[in-house]
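This is what each chain is made of:
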Amino acid sequence: MKRYECSVCGYIYDPADGDPDSGIAPGTSFEDLPENWACPICGARKDQFTPID
């Protein structure tokens, strides 16, 4: 699964880690994140992330 980087703050969403603080389980692909999911660091929307792998 691809990792995605926030174009605002540089946070990297890694599907292997998920986003436990937001209730996202490890193994959740970026495409399967809820549409209202936001960067846990800066609050950027999903459309502000770009694939990096």
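From a predicted model like this one, the values you see are computed outputs, not experimental measurements.

Peer 1: Is there a simple way to explain the sheet that holds strand β2 (residues 12-13) in this structure?
Peer 2: Hydrogen bonds between backbone groups are what pair the strands of a sheet, and the pairing can be parallel or antiparallel. Strand order in this open sheet of three strands is β2-β1-β3, and the pairing throughout is antiparallel. Of all strands in the sheet, those bounded by a partner on one side alone are β2 and β3 (49-51). Relative to β2, strand β1 (residues 4-6) is paired through two bridges, and the arrangement is antiparallel. Bridge pairing in β2 links E5 to I12.

Peer 1: How should I be thinking about the side chain of T28 in this particular structure?
Peer 2: Assignment of secondary structure puts T28 in the loop between β2 and β3. Engagement of the side chain of T28 in a polar contact is seen with the backbone oxygen of A25, the distance being 2.7 Å. With sequence-adjacent residues up to four places away left out, T28 is seen in contact with M1, Y13, P15 and L33.

Peer 1: Hey, could you run me through the pattern of salt bridges in this one?
Peer 2: Side-chain pairs of opposite charge can arise where the charged atoms are in close proximity. All told, the structure shown has two salt bridges when counted by the stated rule. Of the charged contacts in the structure, one is a salt bridge between E35 and K46, with a shortest N-O distance of 3.6 Å. Placement of the pair is E35 in the loop between β2 and β3 and K46 in the loop between β2 and β3, with a sequence separation of 11 residues. Judged by its relative accessible area of 66%, E35 is exposed. For D47, the salt bridge is made with R45, and the minimal N-O distance between the two is 3.3 Å. Of the two residues, D47 and R45, both sit in the exposed class.

What counts, and where the lines are drawn
Residues numbered from 1 in each chain as written. Predicted model: local features only at pLDDT ≥ 70, side-chain atom pairs only at ≥ 80, totals over all residues. Heavy atoms only, no water. Pairing = 2+ DSSP bridges. Helix = DSSP H or I, 4+ residues; strand = E, 2+ residues; numbered from the N terminus. Polar contact = N/O pair within 3.5 Å; in protein donor to acceptor, adjacent residues only side chain to side chain. Contact = heavy atoms within 4.5 Å. Salt bridge = Lys/Arg side-chain N within 4 Å of Asp/Glu carboxyl O. Buried < 20%, exposed > 50% of the residue type's maximum accessible area, 1.4 Å probe, protein only.

Purely spatial values, then, with no claim about function.
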